[in-house]
Amino acid sequence: MNYFILFLEGIITFISPCILPMLPIYISYFMGGNDDKKNSNALVNSIGFVFGFSVVFTILGAAAGTFGSFIQKYMTTFNTVSGLVLIVFGLNYIGLLKISLLDRSFKLKNKTNLNNLNLISSILFGIIFAIGWTRKSIKIFKR
């Protein structure tokens, strides 16, 4: 019964308003353009995406225990240092401190050509998606 409930939760998550509109983007990304010759690329790109996605969560799972014990051991020091960093960021934001490194912005140039997608770019796409999904999940659980 628990597996059936988990399956239903997965389906509901899949058709949720935050995931369903993105499916055409992923499908077109995996297809790598609209050539009929590129149908085999969809499978390779999908496998690369799943691999990249899995790598991030495997690393997070493996590192969670180690990082948690480290934070617990040095909790006071960690809180003090992170609080000071947050204060410096806030003072820079309101203009009392001028730290040029914190005032920079970087933009990536979009040179993506859907006809040149390969396994490496799909793995990178999966890694980036997993990191973004992890940040979203952390925000949800902190409520």
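Definitions and cut-offs
- Residues numbered from 1 in each chain as written.
- Predicted model: local features only at pLDDT ≥ 70, side-chain atom pairs only at ≥ 80, totals over all residues.
- Heavy atoms only, no water.
- Helix = DSSP H or I, 4+ residues; strand = E, 2+ residues; numbered from the N terminus.
- Buried < 20%, exposed > 50% of the residue type's maximum accessible area, 1.4 Å probe, protein only.
- Contact = heavy atoms within 4.5 Å.
- Areas by Shrake-Rupley, 256 points an atom, 1.4 Å probe, with all protein chains shown as cover.
- Phe/Tyr/Trp six-rings, centres within 6.5 Å; stacked < 30°, edge-to-face > 60°.
- Expected span 1.5 Å × (residues − 1).

1. Observations concerning the overall build of the protein chain
Turning to step 1, where the next piece is worked out: What the protein chain contains, in helices and strands, is five helices and zero strands.
Turning to step 2, where the next piece is worked out: Counting from the amino terminus, the protein chain carries its helices and strands in the arrangement α-α-α-α-α.
Turning to step 3, where the next piece is worked out: Here the protein chain holds 143 residues, and 16% of them are scored as buried.
Turning to step 4, where the next piece is worked out: Counting contacts in the protein chain only where the partners sit at least 6 residues apart, residues at least 24 apart contribute 66% of the total.
Turning to step 5, where the next piece is worked out: Of the roughly 11800 Å² of accessible surface on the protein chain, a fraction of 70% belongs to carbon and sulfur atoms.

2. Notes on the packing of aromatic side chains
Turning to step 1, where the next piece is worked out: Under the defined criterion, the tally for this structure stands at four aromatic pairs.
Turning to step 2, where the next piece is worked out: With a centroid separation of 6.2 Å and an interplanar angle of 25 degrees, the aromatic rings of F49 and F53 are classed as stacked. A residue pair is termed a helical-turn pair when its members lie 3 or 4 positions apart in one helix, as F49 and F53 do in helix 3 (residues 39-73) at four residues.
Turning to step 3, where the next piece is worked out: Between F49 and F125, the aromatic rings sit 5.4 Å apart at their centres with planes inclined by 45 degrees, giving tilted as the arrangement. Of this pair, F49 sits in helix 3 while F125 is found in helix 5 (residues 119-141), placing the two residues 76 residues apart along the sequence.
Turning to step 4, where the next piece is worked out: Accessibility expressed as a relative area gives 22% for F125, which makes it partly exposed.
Turning to step 5, where the next piece is worked out: Each residue in the set F49, F53, F57 and F125 is aromatic and connected to the rest through ring pairs, giving one cluster.

3. A short note on helix 4 (residues 75-94)
Turning to step 1, where the next piece is worked out: Taking 1.5 Å of rise per residue, the 20 residues of helix 4 would be expected to cover 28 Å, and the 28 Å separating its terminal C-alpha atoms lies within 8% of that figure.
Turning to step 2, where the next piece is worked out: Of the residues flanking the end of helix 4, it is G95, one or two places downstream, whose phi is positive at about 100 degrees.

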